[in-house]
Amino acid sequence: EEVKATLSGKRFVLYAQPIVPLSGEGDGLHCEILLRLRQKTGEIEAPAYFFPAAERAQLTGEIDRYVIAELLDWLARHPDAVERLGKCAINLTGWSVSDPALAGWIQEHVKGLGIPPQKLCFEITESQAIASRDVAGRLIESLRAMGSSVSLDDFGTGLATYDYLKSFPFDYLKIDGAFIRDVLQSKVDQSVVQSITAVARTMGLQTIAEFVENEAVIALLRGYGVDYVQGYGVGKPVPLDELFAVPQ
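If you're wondering where the values come from, they're calculated on a predicted model, not measured in any experiment. (Residues numbered from 1 in each chain as written. Predicted model: local features only at pLDDT ≥ 70, side-chain atom pairs only at ≥ 80, totals over all residues. Heavy atoms only, no water.)

Asks: Any chance you could explain the overall build of the protein chain here in plain terms?
Replies: The helix and strand tally for the protein chain stands at eleven helices and ten strands. Taking 18 Å as the expected radius of gyration for a compact globule of 248 residues, we find that the protein chain reaches 18 Å, a close match to that expectation. Oriented by its inertia axes, the alpha-carbon framework of the protein chain measures out at about 50 × 40 × 35 Å. Buried residues in the protein chain amount to 52% of all 248 residues. As displayed, the protein chain has an accessible area near 11,500 Å², and 51% of this comes from carbon and sulfur atoms. Counting 23 positive and 33 negative side-chain charges, the protein chain places the centres of these two groups 1 Å from one another. (Helix = DSSP H or I, 4+ residues; strand = E, 2+ residues; numbered from the N terminus. Rg over C-alpha atoms; globule rule 2.2 N^0.38 Å. Buried < 20%, exposed > 50% of the residue type's maximum accessible area, 1.4 Å probe, protein only. Areas by Shrake-Rupley, 256 points an atom, 1.4 Å probe, with all protein chains shown as cover. Lys, Arg positive; Asp, Glu negative; His and termini not counted. Charge placed at Lys NZ, Arg CZ, Asp CG, Glu CD.)

Asks: Hey, could you run me through the environment of Ala-16 in this one?
Replies: Within the fold, Ala-16 resides in strand β1 (residues 12-21). Classification of Ala-16 by relative accessible area gives buried; the value is 0%. In this structure, the C-alpha to C-alpha distance between Ala-16 and His-30, residues 14 residues apart in sequence, is 9.6 Å. Contacts of Ala-16, omitting those with residues within four sequence positions, involve Cys-31, Glu-32, Ile-33, Lys-236, Pro-237, Val-238, Leu-240 and Leu-243. (Contact = heavy atoms within 4.5 Å.)

Asks: Help me understand the pairing of β1, please; the structure alone is not making it clear to me.
Replies: Remark: a regular strand shows side chains that alternate across the two faces of the sheet. By the criterion of burial, β1 is predominantly enclosed, with eight of the ten residues buried. Here β1 pairs with strand β2 (residues 29-38) via eight bridges, running antiparallel. Pairing of Ile-19 across the sheet is with His-30, part of β2. Relative to strand β10 (residues 238-239), β1 is paired through two bridges, and the arrangement is antiparallel. Along β10, the bridge assignment pairs Ala-16 with Val-238. Of the strand pairs in this sheet, β1 and strand β9 (residues 228-229) are connected by two bridges, and their pairing is antiparallel. Following the sheet pairing, Pro-21 is matched in β9 by Tyr-228. (Pairing = 2+ DSSP bridges.)

Asks: In this structure, what is going on with the pattern of salt bridges? I would like to understand it.
Replies: Two side chains with opposite charge may pair up if their charged atoms get near one another. Scanning the entire structure with this criterion turns up eight salt bridges. With a closest N to O distance of 3.1 Å, Glu-70 and Lys-10 form a salt bridge. Here Glu-70 is found in helix α3 (residues 60-77), whereas its partner Lys-10 is found in the loop between α1 (2-9) and β1, with 60 residues between them in sequence. Looking at Glu-70, the relative accessible area reads 23%, which means it is partly exposed. When its relative accessible area of 53% is taken as the criterion, Lys-10 is described as exposed. Where Arg-65 meets Asp-99, a salt bridge forms, and the shortest distance between an N and an O atom there is 2.9 Å. In this pair, Arg-65 sits in helix α3 while Asp-99 sits in the loop between α5 (94-97) and α6 (102-113), placing the two residues 34 residues apart along the sequence. Given the relative accessible area of 21%, Asp-99 is considered partly exposed. Via salt bridges that share partners, Glu-32, Glu-123, Lys-174 and Glu-210 belong to a single interconnected network. (Salt bridge = Lys/Arg side-chain N within 4 Å of Asp/Glu carboxyl O.)

Asks: What is the right way to look at the layout of surface pockets in this model?
Replies: Over the atoms, a rolled probe matching the size of one water molecule traces out where space is still vacant. By volume, the largest pocket amounts to about 960 Å³. Lining the largest pocket are 33 residues, with Glu-32, Leu-34, Pro-47, Asn-91 and Asp-153 positioned closest to its centre. When residues of the lining of the largest pocket are traced back to their parent elements, those giving at least two are β2, α2 (47-56), α3 and β6 (149-155). The element that contributes the greatest number of residues to the lining of the largest pocket is α2, accounting for six residues. Looking at the lining of the largest pocket, its residues break down into 15 nonpolar, eight polar and ten charged. (1 Å grid on protein atoms, 1.4 Å probe; cavity = no way out; pocket = protein on both sides within 12 Å on 5 of 7 lines; lining within 4 Å. Points joined across faces, edges and corners; volume = space filled by probe spheres on them. Nonpolar A, V, L, I, M, F, W, Y, C, P; charged D, E, K, R; others polar.)

Asks: When you look at the packing of aromatic side chains in this model, what are you seeing that I'm missing?
Replies: Given two aromatic rings, their pairing is described by the distance between the two centres and the angle made by the two planes. One pass over the full model with this rule turns up seven aromatic pairs. Residues Trp-74 and Phe-244 carry aromatic rings whose centres are separated by 5.4 Å and whose planes lie at 45° to one another, so their mutual orientation is tilted. One end of the pair, Trp-74, is in helix α3; the other, Phe-244, is in helix α11 (residues 240-245), and 170 residues separate them in sequence. Here the two residues Trp-74 and Phe-244 agree in accessibility, since each one is buried. Taken together, the aromatic side chains of Phe-12, Phe-50, Phe-51 and Tyr-66 make up a single cluster linked through ring pairs. Cation over ring: Arg-36 sits above Tyr-15, and NZ or CZ is 5.3 Å from the ring centre. Just above the ring of Phe-211 sits the side chain of Arg-181; from NZ or CZ to the centre is 4.4 Å. (Phe/Tyr/Trp six-rings, centres within 6.5 Å; stacked < 30°, edge-to-face > 60°. Lys NZ or Arg CZ within 6 Å of the ring centre and 35° of its normal.)

Next up, the structure:
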């Protein structure tokens, strides 16, 4: 009930976390959109507080649409941010990926607000089941045909690791943080990261490592050929307005 009230009252808040290239300056600011809930007291809650309940109540599709609509509306009101933006990643839950009406809804909103579709990247979380692979495949094809990118999130710890890579045409591959946290000490994690990076390179995908905490990890991942990093070592999640308030 609280999630429903939050959706109707627009108490969800968009945060963003930077995604930083490891070679060159890149093509603009890359970031991932993250969701927070603002209590009536003003306290900010992370997804762990509300998302399990939303999943049980089958509200994740509504939340996804809320995030997309709010983000596109924000971008339409901030053309200077759009100019600076390289790629903005938006998470899609398994429920949304299996929604046959979602692609048309996204295309309508993107076109109606005049947002350059190439600035958007839609992330599919590998740890969540996809009810219909045919519908998911059509969604991914539609998003890419529109000009947007598609990323496979949390790679390596989910339900159908390499099978998903062969089944769907992705642009980015996000290496799950479970393999990054201890990568400096763990030979196994190092081998896993190297193998994922090698497979991604073979398939023409760009890699993003999550949960990157310090310069030593960044140096190691750069040596492995990882393309981008995300984590507290390069930037914490902040409100969307705040991220774009920072100079280039």
